[in-house]
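Architecture at a glance
Listed below are the residues making up each chain.
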Amino acid sequence: MSHLIAPSVLAANFGQLDHDVEMLNQSTADWIHIDVMDGRFVPNISFGFPVLQAIQKKAQKTMDVHLMIEQPEKYIEQFREGGAHIITVHYEACTHLHSILQQIKATGARAGVALNPHTPISFLSDVIQDIEVVCLMSVNPGFGGQKFIQHTYQKIRELKALIQEKGSACLIEIDGGVNLENAPLLVAAGADVLVAGSFVFNSQDPTQTILDLKQFTIY
Ligand code: DX5
Ligand code: ZN
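Residues numbered from 1 in each chain as written. Chains lettered and ligands numbered in written order. Predicted model: local features only at pLDDT ≥ 70, side-chain atom pairs only at ≥ 80, totals over all residues.

**Overview of the site of ligand 1**
Filter applied, for reference: Each residue receives a C-beta atom built from its backbone; the residue is near a molecule or strand if that atom lies within 6 Å of it. Only runs of H or I of at least four residues qualify as helices and only runs of E of at least two qualify as strands under DSSP, and these elements are numbered from the N terminus. By the convention adopted, Pro, Cys, Tyr, Trp, Phe, Met, Ile, Leu, Val and Ala count as nonpolar, Lys, Arg, Asp and Glu as charged, and the other residues, Gly among them, as polar.
Taken together, 22 residues surround ligand 1, and among them Ser-8, Pro-141, Gly-144, Gly-197 and Ser-198 come closest. Of all elements in the fold, only strand 2 (31–37), strand 8 (193–196) and helix 7 (198–201) reach the threshold of two or more residues within the shell around ligand 1. In terms of residue class, the shell around ligand 1 is built from nine nonpolar, 11 polar and two charged.

Here it is in structure tokens:
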């Protein structure tokens, strides 16, 4: 399988959200990555259900919702109704992670788990078979436009080994500081999905940038 691209609308222009989502529809993006922040789990607030629903009305691609919120179990069904195809919760925000994964799947959404940069891969070893997407944070969550953390490559290799050892089918998603320099290295290390926010939306031609992220050659 070739890798997937998930542009993050956190870096979009919210004054013309319809236009930006339509650009994603017309592009080679595979998923639309949607960052929800509550000002408690992370030191920033992004947006909630009304914005999600506005995206849902327009989006023709898989909606990949990344919840950077405390107590995500309170809102899983509402995010599903708001159009989420994939719901990703943070390992660090879930006391009962196994239970929340079942809750997500019961809604019909795919279940994802995100790991902060300091959280070891080994913490997922007893639950990896229940996860459909692992999102490795390659920046500290909360803000777009941060610098990529190099240790991510090592974590991808460890996660790939765990997935193979346990016979899991889960995808590896990388979130934070992705650009055209590190993208080929990430895919070569085993990444399946690349999230990119500022690199796409701050570029001269976002459609072309998405294509560039999708089409590079791995040497
Ligand atoms: C960070 C978010 C990321 C962010 C990525 O907390 O989870 O998805 O939008 O933005 P860039 O690509 O600019 O690092
Ligand atoms: Zn994200």
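**A few points about the UniProt feature "binding site: substrate" (unreviewed entry) in the protein**
Here is the rule we go by: UniProt positions are given in the numbering used here, feature names are shortened, and annotations may be inferred rather than shown by experiment. Between the buried cut of 20 or more and the exposed cut of 12 or fewer other C-beta atoms within 10 Å of a residue's own C-beta lies the partly exposed class, and all C-beta atoms are placed from the backbone. Any residue pair is listed as a contact if its two C-beta atoms, each placed from the backbone, are within 7 Å.
Sequence positions flagged by UniProt for "binding site: substrate" (unreviewed entry) are, in local numbering, Ser-8, His-66, Gly-142, Phe-143, Gly-144, Gly-145, Asp-175, Gly-176, Gly-177, Gly-197 and Ser-198. Within the secondary structure layout, Ser-8 lies in the loop between strand 1 (4–7) and helix 1 (17–26). By C-beta crowding, Ser-8 is classed as buried, having 24 other C-beta atoms within 10 Å. With sequence-adjacent residues up to four places away left out, Ser-8 is seen in contact with His-33, Asp-35, Gly-144, Val-195, Ala-196 and Gly-197.

**Some details on unusual backbone geometry**
Backbone geometry at Gln-71 places phi at a positive 45 degrees, although glycine is not the residue there. Relative to the helices and strands, Gln-71 resides in the loop between strand 3 (62–68) and helix 3 (76–81).

**Regarding the UniProt feature "binding site: a divalent metal cation" (unreviewed entry) in the protein**
Mapped onto this numbering, the UniProt entry annotates "binding site: a divalent metal cation" (unreviewed entry) at His-33, Asp-35, His-66 and Asp-175. Annotated residues spanning 143 residues; largest pairwise C-alpha distance 10.5 Å, indicating a single compact cluster. The topology assignment puts Asp-35 in strand 2. Looking at Asp-35, the number of C-beta atoms within 10 Å reads 25, which means it is buried. In this view, Asp-35 contacts Ser-8, Leu-10, Ser-46, His-66 and Met-68; residues no more than four positions away in its chain are not counted. Mapping Asp-175 onto the fold places it in strand 7 (residues 171–175). Not counting residues up to four positions away in its chain, the partners in contact with Asp-175 are His-66, Cys-135, Met-137, Ser-138 and Val-195.

**A look at the pairing of strand 4 (residues 86–90)**
Operational definition: Being paired, for any two strands, means DSSP has found at least two bridges between them. Consider the strands pointing away from the viewer: the crossover is right-handed when the path from the first strand over the helix to the second runs clockwise.
With respect to burial, strand 4 is a largely interior element, five of its five residues being buried. Side-chain alternation along strand 4 places Ile-86, Thr-88 and His-90 on one buried face and Ile-87 and Val-89 on a second face that is also buried. Sheet topology note: the strand 3/strand 4 ladder contains three bridges and is parallel. When the bridges of strand 4 are listed, Val-65 appears paired with Ile-87. Crossover connection from strand 3 via helix 3 to parallel strand 4: handedness right-handed. The pairing of strand 4 with strand 5 (residues 110–115) spans five bridges and is classified as parallel. Bridging from a neighbouring strand, His-90 pairs with Ala-114 of strand 5.

**A few points about the nonpolar core**
We count it as follows: Here a nonpolar core is just a set of buried residues of the types Ala, Val, Leu, Ile, Met, Phe, Trp, Tyr and Cys, joined wherever their C-beta atoms sit within 7 Å.
Judged by nonpolar contacts, the single largest core of 68 residues is most densely connected at Ile-32, Val-65, Ile-87, Val-134, Leu-136 and Leu-194. Contacts of Leu-194, omitting those with residues within four sequence positions, involve His-3, Ile-5, Ala-6, Ile-174, Val-178, Ala-183, Leu-186 and Leu-213.

**Looking at helix 1**
Along an α-helix, a turn takes 3.6 residues, which lines up residues three or four apart on a common side. Here is the rule we go by: In this context, the arc is that of the directions from the helix axis out to the C-beta atoms.
Every buried residue of helix 1 is listed here: Asp-20, Val-21 and Leu-24. Projected onto a plane normal to the axis of helix 1, the buried residues spread over an arc of 100 degrees and lie on a single side. When the buried face of helix 1 is taken as reference, the exposed residues oriented beyond 90 degrees from it are Asp-18, His-19 and Gln-26. As for helix 1, its buried residues are in contact with strand 1, strand 2 and helix 2 (49–58).

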